[in-house]
Amino acid sequence: MSQIILPGTTATGQQTTLGVMGGGQLGRMFVQAAQAMGYFTAVLDPDPASPAGLVSHFHVQTDYLDEQGLAQLMQRCAAITTEFENVPAPALYTLGAHCPVAPGASAVAVAQDRIKEKAHFERCGVPVAPYAVIGATEHLAAMLDAPSAAPGRPKQASAPLGGSAVHEVTSVGADLFPGILKTARLGYDGKGQIRVKTRAELAAAWDSLSQVPCVLEKMLPLAAECSVIVARGWNGDMVHFFPQLNLHRDGILAVTQVFEGNMASATVERSVAAAKSIADDLQYVGVLCVEFFVLQDGSLVVNEMAPRPHNSGHYTLDACDVSQFDLQVRTLTGLPLVPPRQHSPAIMLNLLGDLWFDADGRPITPAWSEVLALPGTHLHLYGKLQARKGRKMGHLNITGADVEAVRATAQRAAALLGIPAF
Ligand code: ATP
Ligand code: MG
């Protein structure tokens, strides 16, 4: 893209409009950032009550592959981004043929598929957890036949399967157990994942996932989890946020802590370098989040990437001079990428639907008033009409003068809301 898409009214009196595929909370916060800068916004999402659709100038309420819906979006928008990785890549290819789309369909296609994603990480020289692809019945049969007493590493070859190059497993020994079977596509928040300890459990788990292509990943002893968010422009310029330390509960992000000293400096350096090389190698344009495991020996393993702003980056709304959503707008429009500056230590608490129910399952309203009486708390609710257990309803950012104050306030807020201490 050679021309910058400037905010505000054009010389011919048109309002410049930015589009987003998907109407969830990430789309909503993108829309809010774009609107703050003077852009009009358009959201494509079939749900009439989608969080982003509710706050956007335009809401195209069609399926992601609906030709008329895509045509409407293209007609309105100067550029289009995406807010979740499961937007069908063909829709992004269609849009990309007519207007700037970032991230591009090919990068999103890699992030949509754990098999392609892991191959990309390995190509970048970033270690992944030991894994094997379960892509066809033969793969599982081979695994079940493999002698369990002879631990073997997954053999890797680029054999085409289902039209794409994948690792073909010829034998896998006991060293992948205990493991996690993960669907190659469409997983999120720990969905589409089953923990397995034995080959028999693996076979049953694969059946229960309808035998879709999967990866079996070795369970690693995690000391911590972290993520790095980078923003890369059309011209290859790249900036990043300080790495986030993330606590997951039941496969869902619960708490993110970001301040100097939140992790060893070697982990900071290595994770940032790895995230940058992963983005560069993809010629990525947009905001990208790379999630890592920190192992007990201090080494780093990449888990997965998200081709969009990320839940672990929501603290940037209140603790940084430029948020991850501001950077999404800037990468999309070709505006300059300035390195973000974090001006306060930050902790983010995810607000899951569980908080809207008491111990007996009766609906309650969380203690907002008490929480907001604590200095440095910033409440973000996504406008979702119905609370459900495990559903991301919002988040609470806590900022303060120093790490101790932020920690104390965050623990207090967590206790008031019924979030376990961390
Ligand atoms: P999301 O997209 O919401 O981040 P997801 O459904 O794609 O989640 P993963 O990130 O693969 O799932 O896994 C969710 C969590 O499960 C991880 O953050 C980690 O806590 C745990 N986990 C996943 N894989 C492993 C592993 N190989 N070893 C140990 N823990 C793991
Ligand atoms: Mg994850």
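Note: the structure precedes this text.
Summarised in this report is the structure supplied together with it. (Residues numbered from 1 in each chain as written. Chains lettered and ligands numbered in written order. Predicted model: local features only at pLDDT ≥ 70, side-chain atom pairs only at ≥ 80, totals over all residues. Heavy atoms only, no water.)

Brief notes about the pairing of strand S17 (residues 346-352)
Phase 1 of the analysis: With 7 of 7 residues buried, S17 lies mostly within the body of the structure.
Phase 2 of the analysis: Judged by which residues are buried, S17 turns out to be covered on both faces: Ala 346, Met 348, Asn 350 and Leu 352 on one side and Ile 347, Leu 349 and Leu 351 on the other are all buried.
Phase 3 of the analysis: Sheet analysis places strand S14 (residues 252-258) next to S17, joined by 4 bridges and oriented antiparallel. Paired with Thr 256 across the strands is Met 348, a residue of S17. (Buried < 20%, exposed > 50% of the residue type's maximum accessible area, 1.4 Å probe, protein only. Helix = DSSP H or I, 4+ residues; strand = E, 2+ residues; numbered from the N terminus. Pairing = 2+ DSSP bridges.)

A look at the nonpolar core
Phase 1 of the analysis: In this structure, Ile 278, Leu 288, Val 290, Phe 292, Val 302 and Met 305 are the most contacted members of the largest nonpolar core, which totals 33 residues.
Phase 2 of the analysis: At the level of elements, helix H4 (105-111), helix H5 (114-123), strand S5 (131-134), strand S11 (222-232), helix H8 (265-281), strand S15 (286-295) and strand S16 (300-306) are the ones that each hand at least two residues to this core.
Phase 3 of the analysis: Looking at this core, the element that brings in the most residues is H8, giving 6 residues.
Phase 4 of the analysis: Both domain 2 (130-218) and domain 3 (222-417) contribute no fewer than three residues apiece to this core.
Phase 5 of the analysis: With 22 residues, the next largest nonpolar core counts Ala 254, Val 255, Leu 355 and Trp 368 among its residues. (Core = buried A, V, L, I, M, F, W, Y, C linked by side-chain atoms within 4.5 Å. Domains from an automatic or database assignment.)

A short note on the side chain of Gln 112
Phase 1 of the analysis: Mapped onto the secondary structure, Gln 112 falls in the loop between H4 and H5.
Phase 2 of the analysis: Within the structure, Gln 112 has its side chain in polar contact with the side chain of Arg 185 (distance 3.3 Å).
Phase 3 of the analysis: In this structure Gln 112 touches Glu 85, Asn 86, Val 87, Pro 88, Ala 89, Ala 184, Arg 185 and Leu 186, once residues within four positions along its chain are discounted. (Polar contact = N/O pair within 3.5 Å; in protein donor to acceptor, adjacent residues only side chain to side chain. Contact = heavy atoms within 4.5 Å.)

Quick word on the sheet that holds strand S2 (residues 40-44)
Phase 1 of the analysis: The strand order S3-S2-S1-S4 describes an open sheet built from 4 strands, whose pairing is parallel. Bordering the open sheet on either side are strand S3 (58-60) and strand S4 (79-82), each of which pairs with just one other strand. Across this sheet, the average inter-strand angle for adjacent strands is 25 degrees, counted without regard to direction.
Phase 2 of the analysis: Bridge count between S2 and S3: 3 bridges; the pairing is parallel. Opposite Val 43, over in S3, you have His 59 as the bridge partner.
Phase 3 of the analysis: Against the sheet, helix H10 (residues 324-333) makes contact with strand S1 (17-21) and S4, and its axis sits at roughly 135 degrees relative to S4, the strand it touches most. (Axes fitted to C-alpha atoms, helices over the stretch in contact; angles between N-to-C directions.)

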